[in-house]
Every structure is written in structure tokens, then in C-alpha cells.
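# Observations on chain architecture
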Amino acid sequence: TTATDDTLRTPIVAVLGHVDHGKTSLLDKIRGSAVTAGESGAITQHIGATAVPLDVISEIAGDLVDPTDFDLPGLLFIDTPGHHSFSTLRSRGGALADIAILVVDVNDGFQPQTLEAIDILKRTQTPFIVAANKIDTVPGWNPNEGQPVQQTMDAQSDRVQSDLNEKLYEIIGELSDNGFSADMYWRVQNFQANIGVVPVSAETSEGIPDLLTVMMGLSQRYMKEEMEIDTTGPGVGTVLEVKDTQGFGTTLDAIIYDGTIRNDDTIVVGGLQGPIVTDVRALLRPRPLEEIRTEQEFEQVEQVAAADGVKIAAPDLDDAMAGAPIRVIRDRDRSEVIAEVEQE
Ligand code: GTP
Ligand code: MG
């Protein structure tokens, strides 16, 4: 299967939703670290990327996932901020995504940035599922840490079950008001026609096995053809952030979504005064499951294949812009690549 693996890239999953509905907490649970704790003001101000390999997904999902059913290498999650002032970051995350998770607090329902996220997903035609988060806050909830959601829902009292169902059907109704036919994910047959709602808790990890299973299944079923790329071709990506990294000066936090970037490549990056042509000095990467945004000790790598997050060190990046395209020149015509970046 090695030949196949080489040409299938990781799907990019954007996590979108209203402020405080639990996007970062869900990713925290998935990667088992505590990014939330380190965030200034407890709001996510920048996009971060988290690669979760298939074997980790399969471990978390337990019986729900049989890893031999999949040949996609895993999922790359992009966190986005819910605060109203970060709408460009949300658009950027939405535009990069192959698929998305729309996080909705079951108590709060649809809020302004939930609707904004829905508009982004509609505009970019990104397939998505809804994570109905914080189910553990239903009064009387009896938590069953890390369990699949139908199992833990069945174990609740009748009263708790009907309270939760009422909240879930409100969310399904809101989706319908916005033009999406939706249902509990276990009743959805065709995820292209219907939005699946997955009840979860980022506090108790209930439903997280289901969430990962559905995302993996959705990617495998509907995205596989789009994931078939030439991972050895010249890399293409997007700048998420331009920032100083000690010992490397101005660097780019980027997502590479096509081909490969190598540490001896010449790249073209969109800048304030037009395209910047520069030579990669170093490619720095957090290990899998580490958060690109908070990881302090980066590992230098020779190359990074799509899709993955990478920190790029190179001269002359001071004018580079967040959201700008990155293209590797390698054996391509230099002026053609520059023209492509200029156009984007
Ligand atoms: P922004 O990045 O600011 O948009 O927020 P966010 O969507 O990333 O929310 P975050 O994960 O920071 O969570 C907000 C608050 O809700 C934190 O205090 C979390 O501990 C809490 N929270 C998140 N998920 C759950 C959950 O499933 N259950 C409970 N009880 N609390 C939760
Ligand atoms: Mg957050």
C-alpha cells in the first residue's frame, strides 16, 4: 500500500464556531494537551494546526474505527477563533479546509459567529458536520468518560435524555432554517445531502470517538479523490501567521496543501509590496500531536509533504502577509510562479 499512501494527503479539517462554544477544548481533548490553559485571555487569537495520525484516531475511537478501512493518513485540524473581531482568520481557515466541524454549544444554540461560519462554509462549499458540544452540562447528566455517544445517552435518565434531545432538535431546526437538512449523525446515510449532528463533550470526551469516526469516514468516502495528489511535486500552501522565531528571525507558520516543500527550495510568497522570492533556510516542524502555535522546540526537517503545518525560516520575510499564497519554484518557470502568486 506504500505507493497509494504516497499520493494520498491528509484532509484539512477546520474547526469553526461561536466564541466559547468549545473548539479549542475539543482539539485539546483530541491531542491530549492543554492549549486552552496557555491562551492569553482564553480566546484563540490565531489559527493553529494539529496533525492527528490514523493510529491515534483509531486508538481514541476504539471499536468505532477499524484502521484497515482507511488509507488516508489521518486528519489535520485547524483551530479558528470565535471572537467576532477575527473574521478574516475564520475565512482563511474555512477557505483552506476540505471539511469542517461546526461547534455549537447545546445550551447556547446558534449565535452570530455560528451563522457567520455557516456562511463561510456555504460560500466555500465545504462539507461539514455539527459537533453539539457540552452535553455534560445537561442538568442530571451522568458522565461516562470517553464513551461513544449513543451508549452514554442510553445510560442517562429519561428526563436527561429528553432534555438533551430537545436541545439537539433545536440545533437541527436552526440548521434547517439555514437551508440544511440535518439529523443525528447515526441516522444520516448520505453526508453530502444531510448534515450529521454529533453530540459531544469536550469536558468528558463523550462522543469524541464518534466525532473522529464520522470525520474519518466522511473524508474517506467523499474526499478521497481530491486527496489524490502528487506529493512529490513543488509545494503549494497558505501563510497562517508571520512571526518572529528565536534564532530564525521572521518566519512563516504555513499549511502546505499540495506537493512538497524542501529545505533547499526557492519559494515565492505574497508580500505587502508584491511577491517575495526567497530561499528556504530551514523547515521547522512540531512533532505529530503537538500544536504548531505553542510548541517551543521545533525539529528541523528536510522536507514537508502535504497536508501539514510547517514553520518556514527564510530571509526577507518581513513583508510577508498572513493569508498569502506560498509556491515552490523548483523546476518550474520562475516568472510563471511569480505571476501565479501575484494573481492570487
Ligand atoms: P474561542 O477560541 O474563544 O472562540 O473559544 P472556543 O470555542 O475555543 O472555546 P474553549 O474551548 O476555549 O472553551 C470555552 C469554555 O467552555 C472553557 O471554559 C471550557 O472549559 C468550556 N468548555 C468547552 N467544552 C466544554 C464541554 O464540553 N463541557 C463543559 N462543561 N465545558 C466546556
Ligand atoms: Mg479557541
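Shown above is the structure to which this text applies.
Our subject in this report is the structure included herewith. All values derive from a computational prediction rather than experimental measurement.

Cut-off values and rules
Residues numbered from 1 in each chain as written. Chains lettered and ligands numbered in written order. Predicted model: local features only at pLDDT ≥ 70, side-chain atom pairs only at ≥ 80, totals over all residues. Heavy atoms only, no water. Near = heavy atom within 4 Å. Polar contact = N/O pair within 3.5 Å; in protein donor to acceptor, adjacent residues only side chain to side chain. Areas by Shrake-Rupley, 256 points an atom, 1.4 Å probe, with all protein chains shown as cover. Helix = DSSP H or I, 4+ residues; strand = E, 2+ residues; numbered from the N terminus. Nonpolar A, V, L, I, M, F, W, Y, C, P; charged D, E, K, R; others polar. Salt bridge = Lys/Arg side-chain N within 4 Å of Asp/Glu carboxyl O. Buried < 20%, exposed > 50% of the residue type's maximum accessible area, 1.4 Å probe, protein only.

A few words now on the site of ligand 1. Close to ligand 1 lie 20 residues; K23, S25, G82, D136 and A202 are nearest. In this structure, an oxygen atom belonging to ligand 1 sits 3.3 Å away from a main-chain N or O atom of E203. If ligand 1 stood free it would expose 650 Å²; the protein chains cover 82% of that surface. Examining the composition of the shell around ligand 1, we find that 3 residues originate from one element, helix 2 (residues 23-31), more than from any other. Here the residues of the shell around ligand 1 are counted per class, giving 4 nonpolar, 11 polar and 5 charged.

A few words on the pattern of salt bridges. Counted by the stated rule, this structure contains 14 salt bridges. As a salt-bridge pair, D253 and K243 come within 3.1 Å of each other at their nearest N and O atoms. You can see D253 sitting in strand 9 (residues 249-258) and its partner K243 sitting in strand 8 (residues 236-245), a full 10 residues away along the chain. The class of D253 is buried, set by a relative accessible area of 2%. Residue class for K243 comes out partly exposed when judged on its relative accessible area of 22%. A salt bridge links E340 to R332; its shortest N-O distance comes to 2.7 Å. On the basis of relative accessible area, E340 is assigned to the partly exposed category, the value being 22%. Connected via shared salt-bridge partners are R327, R332, E336, E340 and E344.

All we've got here are geometric facts, nothing functional implied.
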